[in-house]
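So the chains spell out like this:
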Amino acid sequence: MSAGVRTTCPYCGVGCGVRVEHDDDGVRILGDPAHPANLGRLCSKGAALGETLALEGRLLAPRIAGRETGWDEALERVARAFGESIARHGPESVAFYLSGQLLTEDYYVANKLMKGFIGGANIDTNSRLCMASAVVAHQRAFGEDVVPVRYQDLLEADLVVLVGSNLAWCHPVLYRRLAEEKARRPGLAVVVIDPRRTATCEIADLHLALAPGSDAWLFNGLLCDLERRGAADRRFLEEHTVGVAAALAAARASAAEPAEVARRCALPMESVQRFFATFAAAERVVTLFSQGVNQSTSGVDKGSAIINCHLYTGRLGKPGCGPFSITGQPNAMGGREVGGLATALAAHRRLEEPEDRAAVQAFWGSPRIASRPGLKAVDLFEAVHDGRVKALWIAGTNPVVSLPDADRARAALRRCEFVVVADCFPDTDTAALAQVLLPAAAWGEKSGTVTNSERCLSRQRAFLPLPGAARPDWWMFCELARRLGFDAHFAYADVHQIFAEHARLAHGAPGRVLDLGALADLDAAAYDALEPLHWPVGAGAPFADARYAHRDGRARLVPVEPRAPACAPDAQFPWVLNTGRVRDQWHTMTRTARSARLNRHSPLPYLDVHVDDAAELGIAAGELVSVRSRIGVLVAPARLGTDSARGQVFAPMHWSDAFASGARVGAAIPAAVDPLSGEPEFKHAPVRLERTAVDWYAFALLRGRIEPVPAFWWARVPAQGFSRYELAGTGRPEWSSLARQWLAPSAEQDWMEYRDESRGIYRAAAVSEDRLEGVLFVACTPQSPSRGWLEERMTDGRLAPGDRRCLLNGAPLAQGFEEGPIVCSCFGVGRDALKVGIAAYGLVTARQVGARLRAGTNCGSCLPEIQALLDGQS
Amino acid sequence: MSDRHAWQRVCRWQDILPESGVCARVGERQIAVFRAGEHVFALDNLDPCSGANVLARGIVGELRGELVVASPIYKQHFSLRSGRCLESPRHSVRAYPARVLDGSVWVRARRRLVVVGNGIAGLRVVEELLAIAPQAYDVVVFGAEPHWGYDRSLLSPVLAGETEAEAIELHPRSWYVEHGITLHAGDPVVAIDRGRRTVRSANGVTVGYDRLLLATGSHPVRLDIPGAQLPGVVSFRNLGDLGAMLDAIRPQGRAVVVGGGVLGVEAAAGLRLRGMSVTLVHRHAQLMDRHLDEEAGRLLAASLRARGIDLRLEATVDAVLGATAACGVRTSQDESLAAELVVTAIGIRPNADLARSAGLRCERGILVDDTMQSFDPAIYAVGECIQHRNTTFGMVAPLWEQGRVCAVHLAEVGVSRYVERVRPVQLKVSGLEVFSVGRIAAAQGREVLTLRDARRGVYKRLVLEQDRLVGALLVGDVQDAPWYLDLLQVGRPVTDLRSTLIFGPGATPAAAGAR
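Note that the coordinates shown come from a computational prediction; the quantities given were computed from them, not determined experimentally.

Draft legend 1. Up close: the overall build of chain B. For chain B, the helix and strand inventory stands at ten helices and 37 strands. Taken along its principal axes, the extent of the C-alpha atoms in chain B is 85 × 65 × 35 Å. Scored against the burial criterion, the 515 residues of chain B give a buried share of 52%. At a minimum sequence separation of 6, the contacts of chain B that also span at least 24 residues come to 57%.

As structure tokens, then:
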């Protein structure tokens, strides 16, 4: 397979095209220059995809209660459990919980099975945690879940407002395209609205660090300001919308004056006025919003408040304009298209519309059709917990880590009569609770289609054989359908047949923008060769004709009464916990943590704390902090800075029990959800911070694993050929014997130790035939030597002469310099190396840095951080 | 080079009557200046035959073709050019360069420094003196050994065959000539006349001094047991001992070394390298017990055993066996060890007898103050023969500092005091790298840092007290010894270095900053 395969990246919602080439060293991953999403670019995660393909640690055979078995036995077992439950307790006693990373064809089959044949609607996905609020906001405004913006619009805008989005880290390629456009056209204004200062702020002309959850006041205030300035598109409003008066009234009631907005949002008056003036003055505005808006108990209203401003000024349906909800996952949009949510039906048809139900049932030829919405993710797990749902199929997601009140989700699965998990990996926190594990085909092994954030439909193509007994998810659902007696309706030979059926269904609904009719007749070869294309296929941009899917064809302005987050901080829980992604990890790290390179950017879970808060609490950098909310606790090392404002803390969302103890942010986040979208409030959990008293901090680099870890807290970082452990605990362990146990020196001879007893310092290293086999460094405080140099020694073959002497120093002696934490993953350039290089060569621009140090010249994901370093040193 | 000891103006040319002399005071000395024809000459004014300061008043004339002055007392004639006494060369006087310039008479009057001891301590002072005040003294050196000065501290490498005997020579003969130093080698000084400021050698050479430097060294403690005087029993102290040891080396030869201190360990290792079977007998359970801790002692013992050296610890030698020559020893454990060579290394004592007999105050050694001056202001002493603030010396390191201080005071430039510092010990046998300094035992108020690397045979132990380094013990890797020594001697707080201290100066933040 040398010609190369064109496929699509499985990570974020940008949906970049990827070219895969096989060469002697394995697989080469390149950006696809012909793909409209990325035009050849890739971010650090995408570029490292090749490092995540190894079969080590994969689930390759079905398992029942931990025992490997064949598909027949496993599927029989699943079918029996589902069948019995449906028979005894009805269709709503079973559920599917899916992932925004499944392919459209997987989704389609699962959704068809649940809604048309089982007859319930308990099929929800982790997209519920991501952009469900935006979906409802779209439906309220447009009558249909349509994102009326394409990436090109960002590049044609005069103003891009980024609300609740760390685009630089979460959608790096799109950010880079925007940053490049801004460099080319400095007149392109960028406003970032985010309580937290993020890497995205590097290109911002204005950063509004508003009070958490106050977005609706800001956009209501903007609406009032637009009215004051006479910025309304009167004709558009009159001819194509309803509700402007009510929306304005609601806005005036909450945020009539900029002063009120400034007060509510805790922003300087001049920032508010500058934002309003900039918005009013710009002819073409894209307001891009993401999880900072969606993951809120008023997420739908926030989305509506944003959309209102665009409708009011007529800024949508034309180039360079529109409200732009960007999705977090690669195929959240595809899932929405097929109706893979408990609140949708199929193909943008509505569950609550009898005609739509009838049309779909007729199309499917199904014996029944779900007639009311199913349980949304959080409710679904609540129903699992209280026994209403008795059989649950989880595919490609890790809810024990990713749901709010994650400990309750875990308890729910423990209590559930029957849990089947289809995944690529057997060791996720969720897989541990399954009675039956089904081996799923992974990216690169399966084929199908995905739709990205700009409605661009592209093919994911297999370039690897199916390993072991792994199968694609659609096949598993078809097998379940067959065993439940619906085989005639699920006799698909391949994904093309599924897609063709989906395309036929997604055609002809009155007033709907989604229309895939043009693709219904693709033959297998044409489907296989399908080039990326946007829907509506063969039509102009959505809403260019100002026609909307509401029966009257008009868009709705929705009155928004701003609401504060569900849980307000109080004396007992005075801080606000915010959560989000880091640049080089994806979701619960099951895939990305397999790349040693990606693990180097943010190797550990952490808690961002403002330096002044930390000083008051007596917390030093790197010390463990317990973050306690009303429902649970997470523990992470403190990272001190000023990115988060005082009173706010931030923790990355990725870490699970597989990689750290007590690091699941979900455990501390109450399951408060938006009443309309059911999306949880991940960005605003009142918490209390406590310095965690431990007696020692340690790190170890080992070839093997430490199991179990005898420490109060630990984190494991998979690296190239070894694991790094960070540990902390109490008491006075007998380090010498623990070190021998963990590092397992082949001979006492090749063993070295350093002790400074009164400082509680212990260090040991094991060497075998001039190869470093492991180290253990213990101290009373987190300030131990940097791990970088030792990690390089673990990766290198033989120790260089002189290395041995300084192993326990953890750093070379007066020569060379530390790379520091990795900034550029592509070329392995670290923060310290960059600082030294910038100073030594007098570099001023990121381009110069790239020319001299290579950093940032490949994927460019690190350019914001490089810019920050440059800013910091000038 | 000009310094204050160079030319001095004495008087105007006209002030001296033709063919006569005047007495001038130059520094603290009387010099007789004579005018003969168009020339001027300068001699000591002191007539050695009469002991009177009278030569300036003698009659200037010519005798056997040589310009002379006749003493007004006993009429001996002294050459105006050389100061030689024509009648009795033993009574010659010093002649000084003199010249006329711009109508004035100039004399260059140098004093004489007599150095007793041609070893490393004495020569160190001379070297320092040559560097800071090369014109200050005429230097005369007496050495007891018939060799040029050599570095005694390097005897061990010579024994081990790692260094040639020639290489430990401090200076070649030409160095003495070049610097106008008179050397009397193999001719020990036997008496000091402090009244007349003269010394007398075994060969009867009498030399006057302005300043006398005693650097007579030390001698080894002898075994006080039966058979200790037998041929084949040697100490390990000088080139003579070394020669005896080298002569005794035979294939399959057997040696017993008595004393497991630094010198004993070095001797044992050296003899073993020369192919001898060696047994080292040491009084205590641990080798170098004054300088090592138990673990380092164990490593050293293991290392010696690995070289094939037998150890008898917690044992002494009760007798040397043999009728006409040593053929073995009997130990306190009642074991007989065959040996043709018995090397004793059980300590040294200062050579203070010469000073003592001259009435200088001595205890174990010659008492000196912080300027290295003895109780006689004209006499200085350095090295292993001295006792300074109740300390005697057996290592080479303190000599450098003593030499520097002494030279400064001899040159009469500046002020400088000898401050006794913590002294390190270091084995000088390759492959047996051991360094120890200061207080290495654990104790209340002390903090101990240790580093072990078994395969490299490395053990490091640093002891801190009130955040200052007070002891360092290095086995197997002594590369950073100078740095630790400096930290310890300077006594600066090591708080900022603590985390990397044991990894040496290359690991310090300062070193990192200098990259």
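Draft legend 2. A look at the interface of chain A and chain B. Between chain A and chain B, the residue contacts involve 25 residues of the former and 24 residues of the latter. Summed over both sides, the interface of chain A with chain B buries roughly 2,000 Å², with 42% coming from carbon and sulfur. Our count for the contact surface shared by chain A and chain B stands at six salt bridges. Its salt-bridge partner being Arg455(B), residue Asp750(A) comes within 3.2 Å of it at the nearest N-O pair.

Draft legend 3. Region of the structure containing the sheet that holds strand 10 (residues 95-96) of chain B. All names here are of chain B. Across the sheet, which stays open at both edges, the four strands sit in the order 2-3-4-10 with antiparallel pairing between neighbours. In this open sheet, the two strands that pair with only one neighbour each are strand 2 (20-26) and strand 10. Summarising the sheet, strand 4 (residues 39-44) and strand 10 pair through two bridges and their orientation is antiparallel. The partner of Ala42 across the bridge, within strand 10, is Tyr96.

Draft legend 4. View of the side chain of Asn452(A). Residue and element names in this part refer to chain A. Structurally, the position occupied by Asn452 is in the loop between strand 17 (448-451) and strand 18 (456-460). Here the side chain of Asn452 touches Glu454 through a polar contact of 2.9 Å, landing on its backbone nitrogen. Beyond its immediate sequence surroundings of up to four residues, Asn452 is in contact with Gly13, Val14, Gly15, Ala37, Tyr151, Pro330 and Met333.

Draft legend 5. View of the pairing of strand 13 (residues 111-116) of chain B. All names here are of chain B. Buried residues dominate strand 13, accounting for six of its six residues. Alignment of strand 13 against strand 14 (residues 137-143), held across six bridges, turns out to be parallel. What sits directly across from Arg111, in strand 14, is Tyr137. In the classification by handedness, the crossover that spans strand 13, the intervening helix 1 (residues 120-132) and the parallel strand 14 is right-handed. Looking at chain direction, strand 13 and strand 19 (residues 211-214) are connected through four bridges and run parallel. Counterpart to Leu113 in the pairing with strand 19 is Arg211.

Draft legend 6. Representation of helix 8 (residues 215-228) of chain A in the model. Residue and element names in this part refer to chain A. With 14 residues, helix 8 ought to run about 20 Å at 1.5 Å a step, and its terminal C-alpha atoms sit 20 Å apart, in line with that. Most of helix 8 sits inside the fold, with twelve of its 14 residues counted as buried. For helix 8, the full list of buried residues reads Asp215, Ala216, Trp217, Leu218, Phe219, Asn220, Gly221, Leu222, Leu223, Cys224, Asp225 and Leu226. Once helix 8 ends, the next one or two residues include Gly230, with phi positive near 70°.

Draft legend 7. Quick peek at the state of the cysteines. Residue and element names in this part refer to chain A. Taken as a whole, this structure holds zero disulfides over all chains when the rule is applied. Cys170 supplies the cysteine sulfur nearest to Cys201, a cysteine that is in no disulfide, at a spacing of 12 Å. Cys567 takes part in no disulfide bond, and the closest cysteine sulfur, belonging to Cys265, lies 20 Å away.

Draft legend 8. Highlighting the nonpolar core. Membership of the largest hydrophobic core comes to 178 residues, with the highest contact counts inside it found for Phe96(A), Ile193(A), Leu218(A), Phe219(A), Phe275(A), Leu311(A) and Trp393(A). Not counting chain neighbours up to four residues away, the residues in contact with Trp393(A) comprise Val78(A), Phe82(A), Ala95(A), Phe96(A), Tyr97(A), Val420(A), Ala422(A), Leu438(A), Met476(A), Phe477(A) and Leu480(A). The next biggest cluster of nonpolar side chains, apart from the first, holds 55 residues, and it includes Leu129(B), Cys362(B), Cys385(B) and Val405(B).

Draft legend 9. Quick peek at the sheet that holds strand 25 (residues 648-652) of chain A. All names here are of chain A. An order of 21-25-22-24-23-26 is seen for the six strands of this closed barrel, with the pairing classed as mixed. Here the average twist between neighbouring strands, direction ignored, is 45°. Pairing of strand 23 (residues 624-628) with strand 26 (residues 685-691) involves four bridges; the strand directions are antiparallel. Bridged to Arg628 within strand 26 is Arg688.

Draft legend 10. Fine view of the environment of Val54(B). All names here are of chain B. Within the secondary structure layout, Val54 lies in the loop between strand 6 (52-53) and strand 7 (59-63). Among the residues examined, Val54 registers a relative accessible area of 8% and is labelled buried. A C-alpha to C-alpha distance of 68 Å links Val54 and Thr331, two positions 277 residues apart in sequence. Residues within four places of Val54 in sequence aside, it is in contact with Asn45, Asp47, Ser71, Pro72 and Ile73.

Draft legend 11. Highlighting empty space enclosed by the protein. The tally for this structure, following the rule as stated, stands at six cavities of 30 Å³ or more. What the second largest cavity holds in volume is close to 80 Å³. Around the second largest cavity, the lining residues are Met752(A), Arg804(A), Arg805(A), Leu807(A), Leu808(A), Leu451(B), Asp453(B), Arg456(B), Val458(B), Lys460(B), Asp477(B) and Phe503(B). Taken together, the residues of the lining of the second largest cavity break down into six nonpolar, no polar and six charged.

Draft legend 12. Representation of unusual backbone geometry in the model. All names here are of chain A. Of the consecutive residues Trp535 and Pro536, the connecting peptide bond is found in the cis state with omega at 0°. Structurally, Pro536 can be placed in the loop between strand 19 (533-534) and strand 20 (555-556). For the bond from Glu707 to Pro708, the omega torsion is -10°, close enough to zero to count as cis. Looking at where Pro708 falls in the secondary structure, it is placed in the loop between strand 27 (696-702) and strand 28 (713-719).

Draft legend 13. View of the packing of aromatic side chains. Counting across every chain of the model gives 28 aromatic pairs over all chains. Aromatic side chains Trp443(A) and Phe463(A) sit 5.3 Å apart centroid to centroid with 75° between the ring planes, which places their arrangement in the edge-to-face category. With Trp443(A) in the loop between strand 16 (436-439) and strand 17 and Phe463(A) in the loop between strand 18 and helix 20 (473-483), this pair connects stretches of sequence that are 20 residues apart. Classification of Trp443(A) by relative accessible area gives buried; the value is 5%. Ring geometry for Trp483(B) versus Tyr484(B): centroids 5.3 Å apart, planes at 55°, classification tilted. By the burial criterion, Trp483(B) is buried, and Tyr484(B) matches it. Members of the aromatic cluster, joined through ring pairs, are Phe82(A), Phe96(A), Trp393(A), Phe418(A) and Phe477(A). The ring of Trp535(A) has Arg455(A) lying over it, and the distance from NZ or CZ to the ring centre is 5.7 Å.

Draft legend 14. View of the packing of helix 3 (residues 104-118) of chain A against helix 20 of chain A. Residue and element names in this part refer to chain A. Taken N-terminus to C-terminus, the directions of helix 3 and helix 20 make an angle of 20°; their axes are 8 Å apart at the nearest point. One way to sum up the angle between helix 3 and helix 20 is to call them roughly parallel. You can see that helix 3 and helix 20 cross each other, and the crossing is left-handed. On the side of helix 3, the interface is formed by Glu105, Asp106, Val109, Ala110 and Leu113, while helix 20 contributes Asp473, Trp474, Phe477, Cys478, Leu480 and Ala481. Here the contact of helix 3 with helix 20 is composed, by residue class, of eight nonpolar, no polar and three charged.

Draft legend 15. Just the environment of Ser447(A), in detail. All names here are of chain A. Tracing the sequence through the fold places Ser447 in the loop between strand 16 and strand 17. Overall, Ser447 belongs to the partly exposed group, its relative accessible area being 24%. Expressed as a C-alpha distance, the spacing of Ser447 and Asp106, which sit 341 residues apart in the sequence, is 9.9 Å. Leaving out residues up to four positions away in the same chain, Ser447 has contacts with Leu103, Arg459, Gln460, Arg461, Ala462 and Val495. Within the structure, the side chain of Ser447 is placed 3.2 Å from the backbone nitrogen of Ala462, a separation counted as a polar contact.

Parameters and conventions
- Residues numbered from 1 in each chain as written.
- Chains lettered and ligands numbered in written order.
- Predicted model: local features only at pLDDT ≥ 70, side-chain atom pairs only at ≥ 80, totals over all residues.
- Heavy atoms only, no water.
- Helix = DSSP H or I, 4+ residues; strand = E, 2+ residues; numbered from the N terminus.
- Buried < 20%, exposed > 50% of the residue type's maximum accessible area, 1.4 Å probe, protein only.
- Contact = heavy atoms within 4.5 Å.
- Buried area = accessible area lost by both parts, 1.4 Å probe.
- Salt bridge = Lys/Arg side-chain N within 4 Å of Asp/Glu carboxyl O.
- Pairing = 2+ DSSP bridges.
- Polar contact = N/O pair within 3.5 Å; in protein donor to acceptor, adjacent residues only side chain to side chain.
- Right-handed = clockwise from strand over helix to strand, strands pointing away.
- Expected span 1.5 Å × (residues − 1).
- Disulfide = S-S within 2.5 Å.
- Core = buried A, V, L, I, M, F, W, Y, C linked by side-chain atoms within 4.5 Å.
- Axes fitted to C-alpha atoms, helices over the stretch in contact; angles between N-to-C directions.
- 1 Å grid on protein atoms, 1.4 Å probe; cavity = no way out; pocket = protein on both sides within 12 Å on 5 of 7 lines; lining within 4 Å.
- Points joined across faces, edges and corners; volume = space filled by probe spheres on them.
- Nonpolar A, V, L, I, M, F, W, Y, C, P; charged D, E, K, R; others polar.
- Phe/Tyr/Trp six-rings, centres within 6.5 Å; stacked < 30°, edge-to-face > 60°.
- Lys NZ or Arg CZ within 6 Å of the ring centre and 35° of its normal.
- Parallel < 35°, antiparallel > 145°, perpendicular 65-115°, else oblique.
- Left-handed = near helix turned anticlockwise from the far one by under 90°.

Nothing here speaks to function; it is all geometry.
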